[in-house]
Amino acid sequence: MAATDTISDMLTRIRNACSVRHPTTQVPTTKMTRSIAQVLKEEGFIEDFEETGEGIDKQLVIALKYKGKNRQPLINTLKRVSKPGLRVYSTSKDLPRVLGGIGIAIVSTSRGIMTDREARKQKVGGEVLCYIW
């Protein structure tokens, strides 16, 4: 069964893997999940990611990041904002600040997937996909 909302599916898999402190998690590969993984890596929320498998069975293996000796996950919260049933768009001026700038909002813009900070800098708005902190 294919998930209709690949982004929610990805966030849920990461959230679940973090809660049981798995070193990695697998997500079906799409352009969107690859772009989100790239942003998470650039922002330091995940260690790395790589693609495995062929054709329709392509998976994104995401290496999760933990801190301290009791391995606290770096990602505390992943929150889906724009859903298939209710899309949430924002102009560059109205982009949300997540926890006063501690967290990030991932935004899908006409220039690709980027953080709220990056979108503000480039003065582009778009669809607010999720919040992460």
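Because the structure is a prediction, the values reported are computed rather than measured.

Participant: Is there a simple way to think about the overall build of the protein in this case?
Facilitator: Each helix and strand counted, the protein has three helices and ten strands in total. Beginning at the N terminus, the succession of helices and strands in the protein can be written as α-β-α-β-β-β-β-β-β-β-β-α-β. Considering only C-alpha atoms, the protein reaches an extent of 40 × 40 × 25 Å along its principal axes. When burial is assessed residue by residue, the protein has 40% of its 133 residues classed as buried. A separation of at least 24 residues holds for 58% of the contacts in the protein among residues at least 6 apart in sequence. Accessible surface for the protein amounts to roughly 7600 Å². Of this, 51% is attributable to carbon and sulfur atoms. On the protein, the mean spot of the 22 positive side-chain charges and the mean spot of the 14 negative ones are 7 Å from each other.

Participant: Help me out: how do you make sense of the environment of threonine 6 in this one?
Facilitator: Considering the arrangement of structural elements, one finds threonine 6 in helix α1 (residues 6–19). Along the sequence, threonine 6 and threonine 30 sit 24 residues apart, while their C-alpha atoms lie 8.0 Å from each other. With residues up to four places along the chain from it excluded, the contact list for threonine 6 reads Thr30 and Thr33.

Participant: How do you make sense of the pairing of strand β1 (residues 24–28) when you look at a structure like this?
Facilitator: A regular strand places its side chains on the two faces of the sheet in alternate fashion. Residues Thr25 and Val27 of β1 are buried on one face, while the alternating residues Thr24, Gln26 and Pro28, pointing to the opposite face, are not. Relative to strand β3 (residues 59–64), β1 is paired through five bridges, and the arrangement is antiparallel. When the sheet's bridge partners are listed, valine 27 is paired in β3 with leucine 60.

Participant: Help me out: how do you make sense of the packing of α1 against helix α2 (residues 31–42) in this one?
Facilitator: Between α1 and α2, the shortest axis-to-axis distance is 10 Å and the interhelical angle comes to 45°. For the element pair α1 / α2, the angle class is oblique. The chirality of how α1 crosses α2 is right-handed. Listed contacts from α2 to Thr6, Ile7, Met10 and Ile14 of α1 are Met32, Thr33, Ile36, Ala37 and Leu40.

Participant: Just checking my understanding: could you explain α1 for this structure?
Facilitator: Structural remark: α-helix, 3.6 residues per turn; residues separated by three or four positions point the same way. In a regular helix each residue adds 1.5 Å, so 14 residues correspond to 20 Å; α1 covers 20 Å between its end C-alpha atoms and thus fits that length. Looking at α1, one finds that the buried residues are Ile7, Met10, Leu11, Ile14, Ala17 and Cys18. Angularly, the buried residues of α1 cover 135° about the axis, an arc narrow enough to put them on a single face. Directly after α1, the chain includes arginine 21, whose backbone phi takes a positive value near 55°.

Participant: It is not clear to me how the sheet that holds β1 should be interpreted in this structure. Could you clarify?
Facilitator: Whether parallel or antiparallel, the strands of a sheet pair through hydrogen bonds between backbone atoms. On the basis of which strands lie adjacent, the open sheet formed by three strands has the order β1-β3-β2 and antiparallel pairing. The open sheet has two edge strands, β1 and β2 (46–52), and neither has a second partner. Neighbour-to-neighbour, the strand axes of this sheet turn through a mean angle of 25°, independent of strand direction. Across six bridges, β2 lies against β3 in antiparallel orientation. Across the sheet, the residue bridging to glutamate 50 is valine 61, located in β3. Along the sheet face, α1 touches β1 and β3 and points at about 165° away from the line of β1.

Procedures and definitions
- Residues numbered from 1 in each chain as written.
- Predicted model: local features only at pLDDT ≥ 70, side-chain atom pairs only at ≥ 80, totals over all residues.
- Heavy atoms only, no water.
- Helix = DSSP H or I, 4+ residues; strand = E, 2+ residues; numbered from the N terminus.
- Buried < 20%, exposed > 50% of the residue type's maximum accessible area, 1.4 Å probe, protein only.
- Contact = heavy atoms within 4.5 Å.
- Areas by Shrake-Rupley, 256 points an atom, 1.4 Å probe, with all protein chains shown as cover.
- Lys, Arg positive; Asp, Glu negative; His and termini not counted.
- Charge placed at Lys NZ, Arg CZ, Asp CG, Glu CD.
- Pairing = 2+ DSSP bridges.
- Axes fitted to C-alpha atoms, helices over the stretch in contact; angles between N-to-C directions.
- Parallel < 35°, antiparallel > 145°, perpendicular 65-115°, else oblique.
- Left-handed = near helix turned anticlockwise from the far one by under 90°.
- Expected span 1.5 Å × (residues − 1).
- Arc of directions from axis to C-beta.

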